[in-house]
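Chains, contacts and geometry: an overview
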Amino acid sequence: MILKNLRLVTMAGEEPLAVIDNAVLAAEDGIISFAGPVAGYGGDLSSARDMAQALVLPGLVVCHNAVLWAGDVVGPTGQTAEDYRDRTLAVAKDTCAADDDALLALLQQRIERLARSGVTACELKSGFGTEPAEELRLAVLLRRFQADCAMRTKVTLAIGHAYAEAADPDAFLAQIETEIVPQTYALACADAVEVFCDDGAGLDLDHCSTILELYYKKKTPSRVACDRFDDCAGATLPASFYSRAALFLNRTDDIGLAGIARVGCVPVLVPEAVAADDDGNFPDLKPLRDAGGRFAISTEAGPDGCGTLDLLATLRSARNQLGLTVEEAIQSVTVHAAQALGLADQAGCIAPGRPCDLALFDADSPETLVSDPSTRCTSVVRSGILTEFN
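An account of the accompanying structure is given in this report. (Residues numbered from 1 in each chain as written. Predicted model: local features only at pLDDT ≥ 70, side-chain atom pairs only at ≥ 80, totals over all residues. Heavy atoms only, no water.)

1. Describing the pattern of salt bridges
All told, the structure shown has 17 salt bridges when counted by the stated rule. Put simply, arginine 137 and aspartate 100 hold a salt bridge, and the shortest N to O gap is 2.9 Å. With arginine 137 in helix α3 (residues 132-146) and aspartate 100 in helix α2 (residues 100-115), the pair connects residues that are 37 residues apart, well separated along the chain. Arginine 137 gets classed as partly exposed once you look at its relative accessible area, which sits at 24%. The exposure class of aspartate 100 is partly exposed, given its relative accessible area of 29%. (Salt bridge = Lys/Arg side-chain N within 4 Å of Asp/Glu carboxyl O. Helix = DSSP H or I, 4+ residues; strand = E, 2+ residues; numbered from the N terminus. Buried < 20%, exposed > 50% of the residue type's maximum accessible area, 1.4 Å probe, protein only.)

In structure tokens, the structure reads:
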């Protein structure tokens, strides 16, 4: 594959947002062999496809994607922690009652919607099982879907999302230790595990820590969703277990935010979740900026009723709400999101030797892309295969 007449933004090097005009990108067997100005390309351009000065970025990355669920969605009207928990349990019942084919069809539809906003890599996360064995069933289904998915993906087993109704927490933990952990490895169904630490909506700190330790002993990467509705000290967990990502953080204090950033864990902010909750509160970016400025932005694909499955729309909203620079905004859905998902070596930037995953936009600059809602993704390239959108 050879593409010419591009405005190329590699997100690599000292000037990640530098635009290379009149650029060429070539790939062979899904791997980039050249990306740069036409003057530096020594190959034959006679078969190259003219892309009419499209703005080309690395394919965008969704690093929080609880996208396997079934059931009715009620629009957000200032939900509390109790509202969130009730909705989670209701959706879990519908999800577990649905057959595999129905769930896979819903999943495929959502993945295709993400792709239309320039996404080429995403998480595939469980989280809507009525009890631990059902979470395992969902993770196995996600692994099955992953095998034929055009996107670059990682499967996350969200085993600590919520307790089942009337569940005994001690029995819940005992089942995870004696049954679910061994089966996770026997089935090879997860690339990472995730817990949700939030006293009203999810699990408490001690139970999250116990689950993470069980998987940490097996060297399984972890992710921590925490402090969405209350500051439950969940931000202490990522440092203890070297977690890849810490999600939500809406109520985390400045000390907790700085600690997460310092240990190399990527904070993942979810603007749509903030908008759905009763007293929407964004985390303070100053401690994150002071600690190096690395954070990711993600859509909310779960059944909160707030998810758009449009990463570009989410990014533009986040930029306005948080006052992000253009560089911060685009890094948050490319290089930093790839790090949060464990795909730093495969996604997030454009360079020879890396997979050819691209997003092409009808924009003339990165600034236009994040500020003008009329700009759209015209096509994506996944593993060297071009897909155009009408």
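2. What about the sheet that holds strand β12 (residues 296-297)?
With parallel pairing, the eight strands of this open sheet are ordered in space as β5-β6-β7-β8-β9-β10-β11-β12. Where the open sheet ends on each side, the last strands, each with one partner, are β5 (60-62) and β12. Relative to strand β10 (residues 245-248), strand β9 (residues 222-226) runs parallel, the two sharing four bridges. Among the inter-strand pairings, arginine 223 is bridged to a residue of β10, identified as alanine 245. (Pairing = 2+ DSSP bridges.)

3. Regarding unusual backbone geometry
Phi is positive for alanine 188, close to 50°, though the residue is something other than glycine. With phi around 65°, alanine 233 is a residue other than glycine that occupies positive phi space. Inspection of the secondary structure assignment puts alanine 233 in the loop between β9 and α6 (237-241).

4. Things to note about helix α5 (residues 205-216)
Given 3.6 residues per helical turn, the α-helix brings residues three or four places apart onto the same face. An ideal rise of 1.5 Å per residue puts 16 Å on 12 residues; α5 measures up with 16 Å between its terminal C-alpha atoms. Those residues of α5 lying buried are His207, Cys208, Ile211, Leu212, Leu214 and Tyr215. Take α5 and look down its axis: the buried residues cluster within an arc of 155°, on one side only. If you follow the buried residues of α5, they end up packed against β7 (152-160), α4 (169-187), β8 (192-197), β9 and α6. With a side-chain oxygen positioned 3.2 Å from the backbone nitrogen of aspartate 206, the residue opening α5 is aspartate 204. (Expected span 1.5 Å × (residues − 1). Arc of directions from axis to C-beta. Contact = heavy atoms within 4.5 Å. Polar contact = N/O pair within 3.5 Å; in protein donor to acceptor, adjacent residues only side chain to side chain.)

5. Focus on the environment of phenylalanine 295
Mapping phenylalanine 295 onto the fold places it in the loop between α9 (286-290) and β12. By relative accessible area, which is 1% here, phenylalanine 295 ends up buried. In this structure the C-alpha to C-alpha distance between phenylalanine 295 and threonine 220, which are 75 residues apart in sequence, comes to 22 Å. Contacts of phenylalanine 295, omitting those with residues within four sequence positions, involve Val266, Pro267, Leu269, Leu285, Leu288, Leu324, Glu328, Ser332 and His336.

6. Quick word on the packing of α2 against α3
At their nearest, the axes of α2 and α3 sit 11 Å apart, and the two run at 55° to each other. With respect to α3, the element α2 is oriented oblique. You can see that α2 and α3 cross each other, and the crossing is right-handed. Along the contact surface, α2 presents Asp100, Asp101, Leu103, Leu104, Leu107, Gln108 and Ile111, while α3 presents Arg137, Leu138, Leu141, Leu142, Arg144 and Phe145. (Axes fitted to C-alpha atoms, helices over the stretch in contact; angles between N-to-C directions. Parallel < 35°, antiparallel > 145°, perpendicular 65-115°, else oblique. Left-handed = near helix turned anticlockwise from the far one by under 90°.)

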